[in-house]
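Observations on the three-dimensional arrangement
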Amino acid sequence: MRKEIDEKKLIAFFTIVFFVSMVVSVGDGNAVDESLSVFVPILDKLDLSPAEQDEDKVINVSADGALSDFLLPLEDSADEGGKIQESYSLSQGAKILIYHTHTTEAYRQADEDLYQEQTPWRTTDNEHNVVRVGEELKKHLEALGYTVIHDTTNHEPPSLSTSYSRSEETMNAYLKKYPEIEMFIDLHRDASGDDNTEDFVKVDGKECARLMFVVGKGTRKSDEGKPKPDWKKNIKLARALTKQLDTYSERLTRNVRLKTGRYNQNVSNKCLLVEVGHNMNTLQQAINATEYLAKAIAGIVPMADT
């Protein structure tokens, strides 16, 4: 996933970073606290979300991140009473839709996974990008008895900044044709540093990319007036799956990220945005992780008898 940020916002952000770093350098803790209290509201108002009109200004950050993530604490929300909701069953024969808002995201090239890049870390060859990972997840879910649709539409052209609007159209088109669809899985890969090649976990002797769920609240300025996600249900589902995945290996997941964006999670209260590894993982590590993601879904979201 990527963010597009205009130059004025970048200048404002780095001006703030410079000012705060100068205050920190004098060693005055009170001054640091006062400075942050002044600039945090400013950062909140900058709306560091994708700028649809600036299609050529692209900055690569972490999957769901904005530049403010590096200054501010992660936004999060505790479950009410600290309890995980457990009633997530799907009706018998219900369909799951797997799709990719950022369809060409690819992994670190290895001898067994060489591909032609169109842009860095991206390829339109669906045997070597997240589409292949989605296909493997589909196979595992089908083996567990689910009916699964895997959409391979490339939602990125003509601009990454508007890809979510196109993937939402895809979701709604499938829902119109198959109203029994209950769960939507937007499968991505995260971004990481260029030397983070050891960030994987072994499960049953297999190297697996780590998994992370992203949940959107739909409170970003650019989402004003649009349908809001039922994010409290979505985050409870994401946390329940994370907890289940951690029973296979405690390092198989990273913490659920709650963000201000919408990520089309208004379509259902069983919407999942999952980052299957990052660009320094191999494709095989990402593929290996899908077995456990499918297993966790089956454990948390079983098919109900009718």
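First, a word on scope: everything that follows refers to the structure included in this document. (Residues numbered from 1 in each chain as written. Predicted model: local features only at pLDDT ≥ 70, side-chain atom pairs only at ≥ 80, totals over all residues. Heavy atoms only, no water.)

1. Let's talk about unusual backbone geometry
Inclusion rule: Comment: elements are numbered from the N terminus, with helices defined as DSSP H or I runs of at least four residues and strands as E runs of at least two.
A cis amide bond links Pro157 to the next residue, Pro158, at an omega of 5°. By the secondary structure assignment, Pro158 is in the loop between strand 2 (147–150) and helix 4 (163–177). The phi angle at Asp204 is positive, at roughly 55°, despite the residue not being glycine. Along the polypeptide, Asp204 turns up in the loop between strand 4 (200–203) and strand 5 (206–209).

2. Section: the environment of Lys232
Of note, Lys232 is situated in helix 5 (residues 231–245). Put simply, Lys232 and Gly216 are 16 residues apart on the chain and 9.6 Å apart in space, counted from C-alpha to C-alpha.

3. Focus: the packing of aromatic side chains
In plain terms, the rule: Only centres within 6.5 Å qualify two rings of Phe, Tyr or Trp (six-membered ring in Trp) as a pair; their planes then separate them into stacked at under 30 degrees, edge-to-face at over 60, and tilted for everything else.
The final tally for this structure, using the stated rule, is 2 aromatic pairs. When the ring of Tyr248 is compared with that of Tyr292, the centres are 5.9 Å apart and the planes differ by 45°; the resulting orientation is tilted. One end of the pair, Tyr248, is in the loop between helix 5 and strand 7 (257–259); the other, Tyr292, is in helix 6 (residues 283–300), with 44 residues separating them in the sequence.

4. Focus: the sheet that holds strand 6 (residues 211–216)
Backbone-to-backbone hydrogen bonds join strands into a sheet, with any given pair of strands oriented parallel or antiparallel. Put simply, the test is: Two strands form a pair only when DSSP identifies at least two bridges running between them. Every axis in this analysis is a line fitted to C-alpha atoms, fitted for helices over the stretch in contact. Angles between the N-to-C directions lie between 0 and 180 degrees. It only takes one pair of heavy atoms within 4.5 Å for two residues to be counted as in contact.
Across the sheet, 6 strands lie side by side as 2-1-3-8-6-7; this open sheet has mixed pairing. Every other strand in the sheet has two partners, leaving strand 2 and strand 7 as the edge strands with one partner each. For this sheet, the mean inter-axis angle between neighbouring strands, taken without regard to orientation, is 25°. Here 6 bridges tie strand 3 (residues 181–190) to strand 8 (residues 271–278), and the two strands are oriented parallel to one another. Among the inter-strand pairings, Asp186 is bridged to a residue of strand 8, identified as Leu273. This element, helix 3 (residues 130–143), spans strand 1 (95–99), strand 2, strand 3 and strand 8 of the sheet and lies at about 140° to strand 3. Docked against the sheet, helix 4 engages strand 1, strand 2, strand 3 and strand 8, running at close to 150° with respect to strand 3.

5. Some points on the pairing of strand 3
We apply this condition: Only protein chains enter the calculation, and the probe is 1.4 Å; a residue is then buried if its accessible area is under 20% of its type maximum, exposed if over 50%, and partly exposed in between.
Most of strand 3 is tucked away: 10 of the 10 residues are buried. Examined bridge by bridge, strand 1 and strand 3 share 5 bridges and lie parallel to one another. Bridging across to strand 3, Tyr99 finds its partner in Asp186.

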